Amino acid sequence: MENLKHFLLALCAAAAAGFVSIIFVLRWVLYFKEGLAWDGGLAEFNWHPVLTVTGFIFLQGIAIIVYRLPWTWQCSKLMMKFIHAGLNLLAFVFAVIAMVAVFDFHNAANIPNMYSLHSWLGLTAVILYGLQLVLGVGMYLIPVTPVSWRAAFMPLHVYSGLLLFTSVIAVALMGITEKLIFGLKDPKYKDSPPEAIFVNVLGVLLVLFGGLILWIATRTSWKRPSDQILHSLHTNGGSEDNSNVASALSQLSDGSDAYGAGDARKRSNKSDEQVN
Ligand code: HEM
Ligand code: HEM
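Sequence positions are assigned chain by chain, starting from 1 and proceeding in written order. Each chain is given a letter, starting from A, and each ligand a number, starting from 1, according to the order in which they appear as written. Only residues with pLDDT of 70 or above have their local features reported here, since the model is predicted, and side-chain atom pairs are shown and tallied only from 80 upward, although totals for entire chains, interfaces and linings are computed over all residues. The side-chain figures draw on all heavy atoms in the structure; neither hydrogens nor water molecules are used.

We now examine the site of ligand 1. Residues are labelled near a given molecule or strand when at least one of their non-hydrogen atoms is within 4 Å of it. Among the 27 residues in the neighbourhood of ligand 1, the closest are listed as His48, Asn113, Met114, Ser116 and His118. Between ligand 1 and His48, the relevant distance is 2.8 Å, taken from a nitrogen atom to a side-chain nitrogen or oxygen of the residue. Here Met114 contributes a backbone N or O atom positioned 2.6 Å from an oxygen atom of ligand 1. Where helices and strands are cited, they refer to DSSP runs of H or I of at least four residues and of E of at least two residues respectively, numbered from the N terminus. At the level of secondary structure, the elements contributing two or more residues to the shell around ligand 1 comprise helix 3 (47-65), helix 4 (77-108), helix 5 (117-140) and helix 6 (147-183). Among the elements that make up the shell around ligand 1, the one with the highest residue count is helix 6 (eight residues). As a working rule, the residues Ala, Val, Leu, Ile, Met, Phe, Trp, Tyr, Cys and Pro are called nonpolar, Asp, Glu, Lys and Arg charged, and the rest polar, with Gly in that last group. Looking at side-chain class alone, the shell around ligand 1 contains 16 nonpolar, nine polar and two charged residues. Polar contacts, as counted here, are pairs of nitrogen or oxygen atoms within 3.5 Å of one another; within protein the pair requires one atom able to donate a hydrogen and one able to accept it, and residues that are adjacent in sequence qualify only if both atoms are side-chain atoms.

In this section: the side chain of His48. Take His48: it is sitting in helix 3. Relative accessibility decides the category of a residue: with a 1.4 Å probe and only protein chains considered, values under 20% of the type maximum give buried, values over 50% give exposed, and everything between is partly exposed. Its relative accessible area of 11% is what places His48 among the buried residues. Residue contacts follow a heavy-atom distance rule, with two residues in contact if any of their heavy atoms lie within 4.5 Å. Once residues within four sequence positions are removed from consideration, His48 is found in contact with Ala98, Met99, Ala101, Val102 and His118.

For the iron atom of ligand 2, the full set of protein donor atoms is His84 (NE2) and His157 (NE2), and the range of their distances to it is 2.0 to 2.1 Å. Sites may look incomplete because water is not among the atoms; the donors themselves are N, O and S atoms within 2.8 Å of the metal, or within 3.2 Å for Na, K and Ca. In this scheme the shape depends on donor count and angles: four donors with every angle between 85 and 135 degrees give tetrahedral, four or six donors with opposite pairs above 155 degrees and others between 65 and 115 give square planar or octahedral in turn, and any other case is irregular. What the six donor atoms of the iron atom of ligand 2 show is an angle range of 86 to 179° at the metal, which sorts the shape as octahedral. With a gap of 73 residues between them, His84 in helix 4 and His157 in helix 6 connect regions that are remote in the sequence. You can call His157 buried: its relative accessible area is 14%.

What follows is about the packing of helix 3 against helix 6. Here an angle of 0 to 180 degrees is reported between the N-to-C directions of two axes, which are lines fitted to C-alpha atoms, with helices fitted over the stretch in contact. Remark: helix 3 packs on helix 6, axes separated minimally by 10 Å, with the N-to-C direction vectors making an angle of 160°. Classified by the angle their axes make, helix 3 and helix 6 are roughly antiparallel. For the element pair helix 3 and helix 6, the recorded crossing hand is left-handed. Contacts from Phe56, Ile57, Gln60, Gly61 and Ile64 in helix 3 reach Gly161, Leu162, Leu164, Phe165, Val168, Ile169 and Ala172 in helix 6. In terms of residue class, the contact of helix 3 with helix 6 is made up of nine nonpolar, three polar and no charged. Roughly parallel means an angle under 35 degrees; roughly antiparallel, over 145; roughly perpendicular, 65 to 115; everything else is oblique. Crossing handedness is read from the near helix: turned anticlockwise from the far helix by less than a right angle, it gives a left-handed crossing, and turned clockwise, a right-handed one.

This part covers a nonpolar patch on the surface. Only residues whose relative accessible area exceeds 30% and that form no salt bridge enter a patch; like-charged residues are grouped when within 9 Å of one another, and nonpolar side chains (Val, Leu, Ile, Met, Phe, Trp, Tyr) when within 5 Å. In this description, accessible areas are obtained by the Shrake-Rupley approach with a 1.4 Å probe, and a residue is regarded as covered only by the protein chains that are shown. The term salt bridge refers to a side-chain nitrogen of Lys or Arg lying within 4 Å of a carboxyl oxygen of Asp or Glu. The grouping of Trp38, Leu89, Val93, Val96, Ile97 and Val100 at the surface amounts to a nonpolar patch, some 500 Å² of accessible area in total. Structurally, Val100 is set in helix 4.

A word on the coordination of the iron atom of ligand 1. Here the iron atom of ligand 1 is held by the protein donor atoms His48 (NE2) and His118 (NE2), which lie 1.9 to 2.0 Å from it. When its relative accessible area of 15% is taken as the criterion, His118 is described as buried.

Bringing the packing of aromatic side chains into the picture now. Only rings of Phe, Tyr and Trp enter the pairing, Trp through its six-membered ring, and a pair is recorded when the two centres are within 6.5 Å. The plane angle decides the type: under 30 degrees is stacked, over 60 is edge-to-face, the rest tilted. This model, assessed by the stated rule, comprises 11 aromatic pairs. Charge-over-ring contacts are defined here by two conditions on Lys NZ or Arg CZ: a distance within 6 Å of the ring centre and an angle within 35 degrees of the ring normal. Directly above the ring of Phe198 sits Arg27, whose terminal nitrogen or CZ lies 5.8 Å from the centroid. When the ring centre of Tyr67 is taken as origin, the NZ or CZ atom of Lys77, which lies over that ring, is 5.6 Å away.

Time to look at the confidence of the model for the protein chain. Taken as a whole, the protein chain shows an average pLDDT of 86; of its residues, 81% reach a score of 70 or greater. Segment residues 235-276: pLDDT under 50, and 60 contacts once partners within four positions in sequence are set aside and those in other chains are kept. Think of pLDDT as the predictor's per-residue confidence, scored from 0 to 100.

Attention now goes to unusual backbone geometry. Glycine aside, residues mostly have negative phi, and peptide bonds are mostly found in the trans state. Note the cis peptide between Asp186 and Pro187, where omega equals 0°. Looking at where Pro187 falls in the secondary structure, it is placed in the loop between helix 6 and helix 7 (194-217). Look at Asn110: it is not a glycine, yet its phi comes out positive at around 55°. Topologically, Asn110 is positioned in the loop between helix 4 and helix 5. The phi dihedral of Met114 falls on the positive side, at around 55°, and the residue is not glycine.

In C-alpha cells, the structure reads:
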C-alpha cells in the first residue's frame with residue numbers, strides 16, 4: 001500500500017474521534033441528562049442520541065472503510081462483503097431502535113411527530129439506508145445478479161453510501177442543537193453552560209470522524225490491491241492502447257468491472273480470488 005503511515009494515521013485519528021464521540025454521548029445522557037431507561041420518559045428519549053451516534057454514525061463509518069484495512073486483504077472478497085453488509089445491518093438495527101425510542105417518547109408525552117427538518121431528513125435517511133441495504137444484498141451477495149448490473153450499479157452504490165453517511169452526520173448535528181435549545185433552560189444555551197460546551201465538542205468530533213472516514217474512503221491508492229490495479233488500468237487505458245488494457249483486464253478477471261464484478265464466476269485459484 002502507498003503511504004501506509006498516512007493510512008494508519010488517518011485510521012487511528014478516525015477511530016479516536018469515533019470512540020471519544022461515543023464516550024461523550026454516554027457522558028451527556030448519563031451525567032448531564034436523565035440516564036437511560038425504557039419508560040416513555042426522557043430517559044427513553046436518551047436512547048435516541050446514544051444509538052444514533054454509536055450505530056448509525058460509528059458503525060456505519062467503520063462498515064464503509066472495512067474494505068480498506070490492509071490486514072483484511074488476504075481475506076476473500078466474499079468474507080469482506082459479509083462483514084461490510086453485517087456492520088451496515090447492525091447500524092440499521094441501531095437506527096431503527098433509536099427511531100422507536102423517540103417516537104415512543106413523543107407519543108407518551110403527547111408531543112407531535114415529524115414537525116422538524118431534523119425529523120424529515122432523519123427519517124428519510126433511515127428509509128434510504130434500508131433501501132441501500134436491500135439493494136446491496138440483492139446486487140452483491142445474491143450470486144444470480146448479472147455481472148453487468150453489479151458493475152453498472154457500483155458507482156451509484158458508493159455515491160449514495162457516502163451521501164447517506166454525510167447526511168446522517170448533518171442530521172445528528174441538527175438533533176444535537178435542537179436538544180440543547182429545548183433542554184437548557186436555566187442557564188440557557190446562549191449562556192454557554194458546561195453542558196452546552198461539552199455537547200458542542202461532541203458535534204465537532206462527529207464532523208471530524210465523518211471527514212476522516214470520507215478521506216479514507218475516497219483515496220484510490222488505499223483500495224484493495226486488485227481493485228487498484230483495475231482502476232489504474234481503466235484510467236490509463238482511455239488514452240492510447242486499449243487493446244493492452246483489455247488483455248491485462250482479461251488476465252486479471254473475466255473482463256468485467258473492478259467492483260466485485262468477478263463474483264459471479266467460479267473461483268479456481270488464489271489469483272482469481274484477488275480480483276473479485
Ligand atoms: C426527533 C431522526 C440523531 C435529537 C427525531 C425524529 C426523527 C429523528 C425521525 C422524529 C421523531 C418524531 O417525530 O416523533 C434522527 C436520525 C438521527 C438522529 C436519523 C441520526 C443521526 C439525533 C441526535 C440527537 C437528536 C444525535 C441529539 C440529541 C432529536 C430530538 C428530537 C428528535 C431533540 C425531537 C424533536 C424533533 O422531532 O425534531 N430524530 N435523529 N437526534 N431527535 Fe433525532
Ligand atoms: C462498497 C456503502 C451495503 C457491497 C461500498 C462503499 C461504500 C458503501 C461507501 C465504498 C467503499 C470503498 O470504496 O472502499 C454502503 C452502505 C450500505 C452498504 C452505506 C448500507 C446501507 C452493502 C451491502 C453489500 C455491499 C449490503 C452486499 C455485499 C459492497 C461492495 C463494495 C461496496 C461489493 C465494493 C468494495 C470495493 O471493492 O471497493 N459500500 N454499502 N454494500 N459495497 Fe456497500
